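Topology and contacts: notes
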Amino acid sequence: MWDHEIRVIVSTHAILAASVFVATVLPVQIVPGFSVYGTHLWWIYSVSGAVTAASVAVFWLLGISPPTKKHTLGYKLSRLLRSCFYFFLSCLFYHAIVVLYGAPLIESALETFSLAVLLTSLTTLRCLCVLGPNVHAWIRVFSRNGAMSVWDTCLQITVASSVVGAWVGAFPIPLDWDRPWQVWPVSCSLGAMIGYLTGLVVAPAWIHYHRKHLTYKCK
C-alpha cells in the first residue's frame, strides 16, 4: 500500500513539476521577447495558469478531493464558486501579507498582486484540490499532528516550502548588487517556485523514509 501511494505521489508531483517547465520553456518559443526576467509578470501568470490547470486535472482524475455528499448540479456549482471565491480571497490575503512585510503599498501594486496570485496557485489551490473549500479541514491539516493521509502530509510540505522560499527570496532585494533578478518581485517569485519544486521532491522522499513511523491510515 505504501509503495503504491508513494508512486502515485511521485507521478503527480512529476506532472506538476513538468507543468512549471512547460510554462517556462514553451512561451519562449511562441511569444517574442518572453523571458523570466524581461517579462517576469507574464512568466508568473504563465506558471500560475499551468500549475492551476495541471493541479485541477491531476487531482480530479486521481479522485484525491474529498467526495461530495450531494451530486446535484446546483451543489457542484456552489462548490466551484466557493473555491473561486477562496482563491480570490487568498490572493488578497497574500497581497496584504507581502505589503505588511515591506512591499510598496501603491507603487508596484500590480507586481505585488502578481506574486500573490503565484503564491495562491502554489499553496491555496492545492488546499482546494485536496481538501475542498473547507476552512475547518485546512485548519486541521496545518495544526500539529493534523495530517490524516499522505496527501495531507504532502500538502503541509509543499505549502510550507513555497512560503519559506518566497520569504527567503526577499533577502537579496535590499543588497546593492544591481542584479536583474533583484527587481521586485523577481527574487521572491523565483524563491517561491524553487521552494515549491523542492517541496515536490522532498514530500514523497520524506514519506518514504518515515513510512514506518506514520500512523495515519492511507487513503
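Throughout, residues of each chain are indexed from 1 in the direction in which the sequence is written. The predicted nature of this model means local features are confined to residues of pLDDT at least 70 and side-chain atom pairs, given and counted, to a pLDDT of 80 or more, with totals for whole chains, interfaces and linings taken over all residues. Only hydrogens and water are set aside; all other atoms, that is, all heavy atoms of the structure, feed into the side-chain values.

1. Some remarks on the overall build of the protein
- Summing up its helical and strand segments, the protein has eight helices and zero strands in all.
- Runs of H or I in DSSP of at least four residues are treated as helices and runs of E of at least two as strands, each being numbered from the N terminus. Across the protein, helices and strands are ordered from the amino to the carboxyl terminus as α-α-α-α-α-α-α-α.
- Taking the principal axes of the C-alpha coordinates as reference, the protein spans close to 50 × 45 × 35 Å.
- Exposure classes here rest on a 1.4 Å probe applied to the protein chains alone. A residue is buried below 20% of its type maximum, exposed above 50%, and partly exposed in between. Looking at the protein residue by residue over its 219 residues, the buried ones come to 42%.
- Look at the contacts in the protein between residues 6 or more apart in sequence, and 72% of them connect residues 24 or more apart.
- Accessible surface computed for the protein: about 12300 Å², of which carbon and sulfur atoms make up 70%.
- Counting 14 positive and 7 negative side-chain charges, the protein places the centres of these two groups 22 Å from one another. We call two residues in contact when some of their heavy atoms are within 4.5 Å. Computed with the Shrake-Rupley method and a 1.4 Å probe, the accessible areas treat only the protein chains shown as cover for residues. Positive charges come from Lys and Arg, negative ones from Asp and Glu, while His and the chain ends are left out of the count. By convention, the point assigned to a charge is CZ for Arg, NZ for Lys, CD for Glu and CG for Asp.

2. Brief notes about the side chain of Thr-123
- Tracing the backbone shows Thr-123 in the loop between helix H4 (109-122) and helix H5 (124-131).
- Look past the residues within four positions of Thr-123 in its chain and what remains in contact with it is Tyr-94, Val-159, Ser-162 and Val-163.

3. With respect to the nonpolar core
- Definition used in this section: a nonpolar core is a set of buried Ala, Val, Leu, Ile, Met, Phe, Trp, Tyr and Cys residues joined via side-chain atoms within 4.5 Å. Grouped together as the largest cluster of nonpolar side chains are 46 residues, with contacts concentrated most on Val-47, Met-193 and Tyr-196.
- Residue assignment for this core shows that the elements contributing at least two residues are helix H1 (2-30), helix H2 (40-62), helix H3 (73-100), H4, H5, helix H6 (135-141), helix H7 (150-169) and helix H8 (186-209).
- Excluding anything up to four places from it in sequence, Val-47 contacts Val-20, Ala-23, Thr-24, Leu-118 and Met-193.

4. Some details on the packing of H2 against H8
- At their nearest, the axes of H2 and H8 sit 11 Å apart, and the two run at 25 degrees to each other. By the angle between their axes, H2 is roughly parallel relative to H8. For the pair H2 and H8, the crossing hand works out as left-handed. On the side of H2, the interface is formed by His-40, Trp-43, Ile-44, Val-47 and Val-51, while H8 contributes Val-186, Ser-189, Leu-190, Met-193 and Tyr-196.
- Only Asp, Glu, Lys and Arg are considered charged in this grouping, and only Ala, Val, Leu, Ile, Met, Phe, Trp, Tyr, Cys and Pro are considered nonpolar; every other residue, Gly among them, is considered polar. Looking at side-chain class alone, the contact of H2 with H8 contains eight nonpolar, two polar and no charged residues. Each axis is a line fitted through C-alpha atoms, and for a helix only the stretch in contact is used; angles between axes span 0 to 180 degrees, taken between their N-to-C directions. Here roughly perpendicular refers to angles of 65 to 115 degrees, roughly parallel to angles under 35, roughly antiparallel to angles over 145, and oblique to all remaining angles. Should the near helix be turned anticlockwise from the far one by less than a right angle, the crossing is left-handed, and should it be turned clockwise, the crossing is right-handed.

5. Some points on the environment of Val-201
- You can see Val-201 is positioned in helix H8.
- In this structure Val-201 comes out as exposed when scored by relative accessible area, which is 59%.
- Taking the C-alpha atoms as reference points, Val-201 and His-13, 188 residues apart in sequence, are found 7.5 Å from one another.

6. Focus: H2
- The terminal C-alpha atoms of H2 lie 32 Å apart, and with 23 residues this matches the ideal 33 Å at 1.5 Å per residue to within 8%.
- What H2 keeps buried is the set His-40, Trp-43, Ile-44, Val-47, Ser-48, Ala-50, Val-51, Ala-54, Ser-55, Val-58 and Phe-59. Working rule for helices: expected span equals 1.5 Å times residues minus one.

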